[in-house]
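A closer look at the structure
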Amino acid sequence: MSISNLPRINLSAERIARFLGFMLVAWQPFISGARLPSILLLLLGSWMLWHKRIDFSSAAAKRLGIVFLLLGIPVLLSIPGSFHPQASIHIAIVMVFFYVGGLALLQGFARDEDHAWLQRWLLIVVMAWVADGYVQYFFGKDLLGVTLSEDGRVLGPFNGNLHFSLFITILMPMIFWRLASRRPWLSLALIGLLGFIAAMGGAHTNMLFFLLGCLVLLPRFGWPQRTTLVAAGVAVVIAAAALSPQTTQRLASVEQLLQSGGKPLAQKLDETLSGRVTIWETAWNMLKDKPLTGVGAGAFAEAYDHYSTRPDDPFRTTGSYGSPTHAHQMYVSIAAESGWPGLAGLVAAIGLCGFWLLRAPAERRRQAAPYAASLLVIAFPIQSQPVLYTIWWFPVVLLLLCGMIAALGQNQPLEKNS
């Protein structure tokens, strides 16, 4: 074959943005995680701005700007009184960088085929992680040499952290949205495989993410598959209770909570939630003292000792855990760190996304629905969640947000069977 007959590779800026959006997830298990694709998106977005490749009059660009203003202004307001000004300034700067990267993502997902491409390849990546998790579960070590955690949790390719189960359960609604209506029984089989290995990660929060994901996927199936999906969700919970020591321990603590007598209810609830009540009580003290600014974005740990009122608090720097902790809940964390304005901004951003989705034409809603489904699971308030402004978590949320906004802002006809 002559050189002139070789297939041409389209390396437009938009294609590169699409690929980097995919890498925000796919590169997570490797060196630097989401940092490398995030930096490259920043550079690409800056180049697009310099060359006027971004239309700020478009609905998508306006909506992304509104969301970042709602989230970013409270962060700026929290800086003067922050318990850790450097951390708060760092978050403010990084949010600007992510906004520029988000503008690039909007260009990368400007066409319907871009969304189909992303969801197809993320399905492949997630199921590859799931297969890798099963290798680790049965043989003690995955294909990359990552071993089970010391307490027997499945980590998949994510060495040294518990991100594996979190990512696969959060992304589950988005990656199965299209496949569920086209190949429902295959989707159910894959969902069952995903759910079991996620349960072996041992984090009860991820089991809730999985069940919520099943719930939002239900309308994509016919009634026979819906019954099967509900049964699969119950089976995964039972399997987790039988085979995961961490889940067994959680269920035992719940059983203890339901028993009458003994310790006060508040104390038993705190123990069941791994000390979350203690943390949230301290966060409430922060909010009461600084209702308009909070203790500073990213400054929860530094402010913790100052606002902790329990003498036996294990999350103090001198406590049994040895160091302060974050809030382990998105809404509580935002409220404590940036006050009522921060919480109101977050809730307003979520509400606006829902409003934009409901007001969009039916074909645009269908295109944006996969991203909205995963974002709905993330935004569900009654659960323990990662801190929003972290370099490993925020890029995933940003990808889903930009995917939804880009899908809603398109004007071209929708692909058939989408």
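Residues numbered from 1 in each chain as written. Predicted model: local features only at pLDDT ≥ 70, side-chain atom pairs only at ≥ 80, totals over all residues. Heavy atoms only, no water.

Our focus in this paragraph is the overall build of the chain. In terms of regular secondary structure, the chain is built from 16 helices and zero strands. Looking at the chain alone, contacts between residues at least 24 apart form 71% of all its contacts between residues at least 6 apart. Taken as a whole, the chain presents about 19,400 Å² of accessible surface, with 67% of it coming from carbon and sulfur. (Helix = DSSP H or I, 4+ residues; strand = E, 2+ residues; numbered from the N terminus. Contact = heavy atoms within 4.5 Å. Areas by Shrake-Rupley, 256 points an atom, 1.4 Å probe, with all protein chains shown as cover.)

Our next topic: the environment of R276. Summarising the element assignment, R276 is placed in helix α12 (residues 276-289). Taking C-alpha positions, R276 is 8.7 Å from S384, a pair spaced 108 residues apart along the chain.

A word on the side chain of N285. Mapped onto the elements of the fold, N285 is located in helix α12. In terms of polar contacts, N285 uses its side chain to reach the backbone carbonyl oxygen of Y307, at 3.0 Å. With near-sequence residues (within four places) excluded, N285 lies in contact with Y307 and T309. (Polar contact = N/O pair within 3.5 Å; in protein donor to acceptor, adjacent residues only side chain to side chain.)

Turning our eyes to something else, we now look at the pattern of salt bridges. As enumerated under the stated definition, the model contains seven salt bridges in all. Across the pair D114 and R18 runs a salt bridge, and its minimum N-O distance is 3.0 Å. One end of the pair, D114, is in helix α5 (residues 112-139); the other, R18, is in helix α1 (residues 13-26), and 96 residues separate them in sequence. There is no split in this pair, since D114 and R18 are both buried. (Salt bridge = Lys/Arg side-chain N within 4 Å of Asp/Glu carboxyl O. Buried < 20%, exposed > 50% of the residue type's maximum accessible area, 1.4 Å probe, protein only.)

In summary, soluble globular proteins display a tendency toward joint burial of nonpolar side chains. In terms of nonpolar packing, the biggest core is built from 114 residues, with I168, F176, I191, L194, L388 and Y389 touching the most fellow members. In contact with L194, other than residues within four places in its own chain, are V126, M127, V130, I168, T169, M172, F176 and F210. Counting 11 residues, the second largest nonpolar core, distinct from the first, contains M286, F300, A327 and A336. (Core = buried A, V, L, I, M, F, W, Y, C linked by side-chain atoms within 4.5 Å.)

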